[in-house]
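# Secondary and tertiary structure notes
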Amino acid sequence: MASGTILAKAIELVTKATEEDRKKNYEEALRLYEHAVEYFLHSIKYEAQGDRAKESIRSRCLQYLERAETLKAYLKKSKKKPVKAGEDNAKTEDKKSDSGDSDTDSDPEKKKLQTKLEGAIIIEKPDIKWNDVAGLDGAKEALKEAVILPIRFPHLFTGKRIPWKGILLFGPPGTGKSYLAKAVATEANNSTFFSVSSSDLVSKWLGESEKLVKNLFDLARQHKPSIIFIDEIDSLCSSRSDNESESARRIKTEFLVQMQGVGSDNDGILVLGATNIPWVLDSAIRRRFEKRIYIPLPEEQARAVMFKLHLGSTAHCLSDDDFKKLAAATEGYSGADISIIVRDSLMQPVRQVQTATHFKKVRGPSPKDPSVIVDDLLTPCSPGDPDAIEMSWMEVDGDKLFIPPVTMRDMQKSLATTRPTVNEDDMAKLEKFKEDFGQEG
């Protein structure tokens, strides 16, 4: 097995084990934990270099082994409830003798709130890699530094060198802030990713909203390393004022306390926020986001890559020079704007089929099996074509239709009807915020 792959496999198995553990599939979780421990031991023997790296892997190995032993004991005595991950049997028995059960089970309200928040945990990771995000190299490096490095190389972050606890992504809409968060969720294999919106935390019942915030962080501490992603964070943490409701003020206060308050242990937790209007954030919330990264409109080179990425495997006739011309013509467009241009251009061949009055026979890949080339496909053509057959698309057999590839002309037609969504006033405000509080992404 190649160097580095044993540890990666161990981490993958642990991720699956913790997911099964949360789902209460304890037998499967036990099997995966034991399998993962074997890989960790092999990693110590064959891959780990240096005493610190070995000690770090060994401590994690012991943690998962302890959890496996706890599950094994529970499965043998199925009448007893399993303890929380991270607690040993002796501690649990002491707690049971004192209070009758664990803290969560003895507090049904807390259990109900945490159950409600478990829906925010992303179990199925989005399949988005760093390479799928065009440009934004600075933002990607900052996120790797805050998320990936502490998980892969925990011995690097000891003493005063600690990973970032809060990162704010700000910039115009459609520039890839949420897309970056999806890449983080995919790449951070051994982390629990919470994707939170205002609907998860705001309740109509007095006092429940701030309890939800507190329980969100409690849940993140139970499943750490954790990433809490809050999209459009301005909707929850705007500047405090005398005119706002008492419940809104309490939510913000609880956020402040949980992010960096007295007695808050946030080791292994990263809060990742995204907003289009950072100037409305409360100054205390802004301070708690230690890294404030500006996600700008894409540069020309990034725009060319975006056109290629959005076209994907769709048949087209565009050359590298065509992509460069499109990139030069889309100054001021966001990534989302370019996505709309490409989506509209992909529909142009379909519109050709709908409006065509004549078709001709061509040779091409079969719609049923692209690996088979057939000679009797039909594609739209002009009435003056010597091989033209007068017919409408309704008369064409579904298995015989050949969709024309996307051309530069299709792209230009879509570009002519699509305007950028970011205006100069918003850009001026964002540039001012970046100069005052942010850094380039």
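Our subject is the structure that appears above.
Here's what I pulled together on the structure shown here.

Conventions and cut-offs
Residues numbered from 1 in each chain as written. Predicted model: local features only at pLDDT ≥ 70, side-chain atom pairs only at ≥ 80, totals over all residues. Heavy atoms only, no water. Core = buried A, V, L, I, M, F, W, Y, C linked by side-chain atoms within 4.5 Å. Buried < 20%, exposed > 50% of the residue type's maximum accessible area, 1.4 Å probe, protein only. Helix = DSSP H or I, 4+ residues; strand = E, 2+ residues; numbered from the N terminus. Contact = heavy atoms within 4.5 Å. Pairing = 2+ DSSP bridges. Axes fitted to C-alpha atoms, helices over the stretch in contact; angles between N-to-C directions. Parallel < 35°, antiparallel > 145°, perpendicular 65-115°, else oblique. Left-handed = near helix turned anticlockwise from the far one by under 90°. Nonpolar A, V, L, I, M, F, W, Y, C, P; charged D, E, K, R; others polar.

Once that is clear, we can look at the nonpolar core. Counting 27 residues, the largest nonpolar core has Val147, Ile167, Leu180, Ile227 and Leu272 as the members making the most contacts within it. Listing elements by their share of this core, those giving two or more residues are helix H7 (137–152), strand S1 (166–170), helix H8 (177–187), strand S3 (226–231) and strand S4 (269–275). In terms of residue count, H7 provides more of this core than any other element does, 7 residues in total. Here isoleucine 227 is in contact with Val147, Val184, Ala188, Ser191, Thr192, Phe193, Phe194, Leu270 and Leu272, once residues within four sequence places are set aside. If you look at the next biggest cluster of nonpolar residues, it comprises 26 residues, including Val196, Val213, Ile230 and Phe255.

In this section: the sheet that holds strand S8 (residues 389–390). Strand order across the open sheet formed by 3 strands is S7-S6-S8, with antiparallel pairing between neighbours. Unpaired on one side and paired on the other, strand S7 (373–381) and S8 mark the two borders of the sheet. In this structure, strand S6 (residues 358–365) lies alongside S8, joined through 2 bridges in antiparallel fashion. For histidine 358, the partnering residue across the bridge sits in S8 and is glutamate 390.

With that settled, consider the packing of helix H13 (residues 300–311) against helix H14 (residues 320–329). Their axes nearest at 8 Å, the elements H13 and H14 cross at an angle of 120°. Looking at the two axes, H13 sits oblique to H14. Crossing of H13 over H14 shows right-handed handedness. Seen from H13, the contacting residues are Glu300, Arg303, Ala304, Phe307, Lys308 and Leu311; seen from H14, they are Asp320, Phe323, Lys324, Leu326, Ala327 and Ala328. The residue makeup of the contact of H13 with H14, split by class, is 7 nonpolar, no polar and 5 charged.

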